[in-house]
Every structure is written in structure tokens, then in C-alpha cells.
Amino acid sequence: MLILYISYIDFKPAQYGASLRPQKMYQAFQEEGHRVKLLAGSQERWSLARRRKAVGEVSRWLDGNRPDLCYIESPVYPILWGFDRRLIRKIHRLGIPMGYYYRDFYRKFPRQFSRRRSLAGRLKEALLDWLQRRTDRLLKRADIVYVPTREAGELLSYRDIRPLPPGGEDRLEESRPQGRQCVYIGGMVEHYGGEMLLEAFRRLNRDGVEYPLTVICRKKEWDRIPEDLRQGDWLTVRHLSSEEARPLLAQAAAGLLVGRSP
């Protein structure tokens, strides 16, 4: 099978989950024996020229090639540029079956996720909201819209919505390390609950180190954490890629997910 695969990241060693998943999906397609025409590249401003060139190349490729299907991994932001939207409309006009993975829903919860408060910030938020609505309308052309969970699918109203398992590797082992060493890998920004996690472990270890915690996150996010939460004999902080973090995961007795109530 020939698959046109559209992603909105630069394909390089993954530093975080949003870049790891698209690369794992690409790897999975290849391991299943499919031929894959890849369109990758960030849609950020510093990559705009490269992205525009890559989209143009794929559009011309479609004039002489007909993939069996097109699969699109959504960007963190809405689809920003008109040339990307025109490519998706072209794929639809050609009658190529299209699946789209809808990952980020934070713009549907503006009260829960902090927004920019300056005039320039409010204008940017309004623009992103408008682009998100345009992206949502564009997805009506998709044959299947994939979502992370069934609950996420209840936020959408497309004709065919299906949950898609995470893009990763099953690394469960029969024996796991003993002890109480915990590890958290992920964002430390406010709406992820990073400060709540640190406060909880500070209380757990109030009378001595019983639950060591290793946090693996971006340095720029860690630097925004209040100083008093960044201290403790029980705490280790590392800024690593997903590959570099594997040994620490293997040594931990528990990996943590953090959720914050509305």
C-alpha cells in the first residue's frame, strides 16, 4: 500500500511526546511493509520556507501519483498556513481516503488553560481561535477523525470518529524494579499540574526521603517553577530526550501521570 503521510514536525531525534508519536507512526507504517510518501516539517515561522517548499513538492507529486490513503498527524496548534489547507482540499478532491489524528483539545477549554493577557496576546489568541475553527471545518473532508480516547471523541461531531492507541512501544516486563523510586516525564507548565506534583512529593517526603522523584522535562519550563518547589533531597531533575530517558524509566518502580481537576 502507498500511504501519503503528513506531519507537522521536523523528523529528528524526538525530544518530547508531541514529536515522538508522529515518528513512531511513520516507523509503524514502514514496519508493516507499506510504501510511505512523507511530508514533514514544522509550521513555525522559522521553518515556513521549508514547509512551503515541502508542501509544494507533495502537491506536484500528487499530479502523477495516487496513494491508497492519506494519514495526517495534527500539529499542536491549528493548521496555520493556507498552502497546507489547499493541499488537504486537493487530496479530498482527488478522492483519496483521508484519516486525521486530532490530538490537542486545549482550545476547547479556554477557562482551564491560561491565555495571553496583553493586547498583542489577546489578538494572537483570537487569531488562533479563528484558525482552529477553520481547521475544524476542514476536517469535515476527512473520512475518519482519530482521537486519543472515546471521551475526546464526544467533543467532536464528525461522521466517523475512532480512538487510536498511543504511538509508542510496549515495554512492559514481567519483573519491575522494587522500591519507591518514581519518575515523571512531561510538561511542567501550570495546566499540566507540575507544581501540584512537586508539592505532593514535598509533603510525602516531609519526614525524610521515602519517595524519590525524578522529573524529566524541558529546561525552560523547569526554570519557571517557583524556587521553593525546586528544592529537596528527594528530587532529581534531568533535561533529556526520550532515548536518553530510557535507563531512568527502567530503574523506576512507578511512572507518573498528572491530572489537574477543572
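Reference entry: report on the structure contained in this document. Being a predicted model, the structure only gives us computed values, none of them experimental.

This model, assessed by the stated rule, comprises 14 salt bridges. Connected via shared salt-bridge partners are Glu 199, Arg 202, Arg 203 and Asp 228.

Counting buried positions along strand 1 (residues 2-6) gives five out of five residues, so the element sits mostly inside the fold. What you see with strand 1 is no split at all: Leu 2, Leu 4 and Ile 6 on one side and Ile 3 and Tyr 5 on the other are buried throughout. The sheet contact formed by strand 1 and strand 2 (residues 35-39) spans five bridges and is parallel. If you follow Leu 4 over to strand 2, its bridge partner there is Lys 37. Pairing geometry for strand 1 and strand 3 (residues 69-73), over four bridges, is parallel.

Scanning the model with the defined rule gives zero disulfides in all. In this structure Cys 217 is not part of a disulfide, and its nearest cysteine sulfur, from Cys 182, lies 16 Å away. Given a relative accessible area of 8%, Cys 217 falls into the buried group.

All right, on to the environment of Tyr 106 then. Structurally, the position occupied by Tyr 106 is in the loop between strand 4 (98-101) and helix 4 (119-138). Note on Tyr 106: relative accessible area 21%, which makes it partly exposed.

As a further point, take the packing of helix 3 (residues 82-93) against helix 4. Between helix 3 and helix 4, whose axes approach to 11 Å, the crossing angle comes to 10°. The angle between the axes of helix 3 and helix 4 places the two elements in the roughly parallel class. Contacts between helix 3 and helix 4 involve Arg 85, Ile 88 and Arg 89 from the first element and Leu 131, Arg 134 and Leu 138 from the second. Along the lines of polarity and charge, the residues of the contact of helix 3 with helix 4 split into three nonpolar, no polar and three charged.

The next point concerns the sheet that holds strand 2. Spatial strand order, 2-1-3-4-5-6: six strands in an open sheet with parallel pairing. Of all the strands in the sheet, just strand 2 and strand 6 (161-163) have a single pairing partner and so form its edges. Geometrically, the sheet is characterised by an average inter-axis angle of 20° between neighbouring strands, direction not taken into account. Two strands pair when backbone bridges link them, and strand 4 and strand 5 (residues 144-147) are joined in this way by three bridges, in the parallel orientation. Residue pairing for strand 5: Gly 99 is matched across the bridge by Ile 144.

Reading guide: rules and limits
Residues numbered from 1 in each chain as written. Predicted model: local features only at pLDDT ≥ 70, side-chain atom pairs only at ≥ 80, totals over all residues. Heavy atoms only, no water. Salt bridge = Lys/Arg side-chain N within 4 Å of Asp/Glu carboxyl O. Buried < 20%, exposed > 50% of the residue type's maximum accessible area, 1.4 Å probe, protein only. Helix = DSSP H or I, 4+ residues; strand = E, 2+ residues; numbered from the N terminus. Pairing = 2+ DSSP bridges. Disulfide = S-S within 2.5 Å. Axes fitted to C-alpha atoms, helices over the stretch in contact; angles between N-to-C directions. Parallel < 35°, antiparallel > 145°, perpendicular 65-115°, else oblique. Contact = heavy atoms within 4.5 Å. Nonpolar A, V, L, I, M, F, W, Y, C, P; charged D, E, K, R; others polar.

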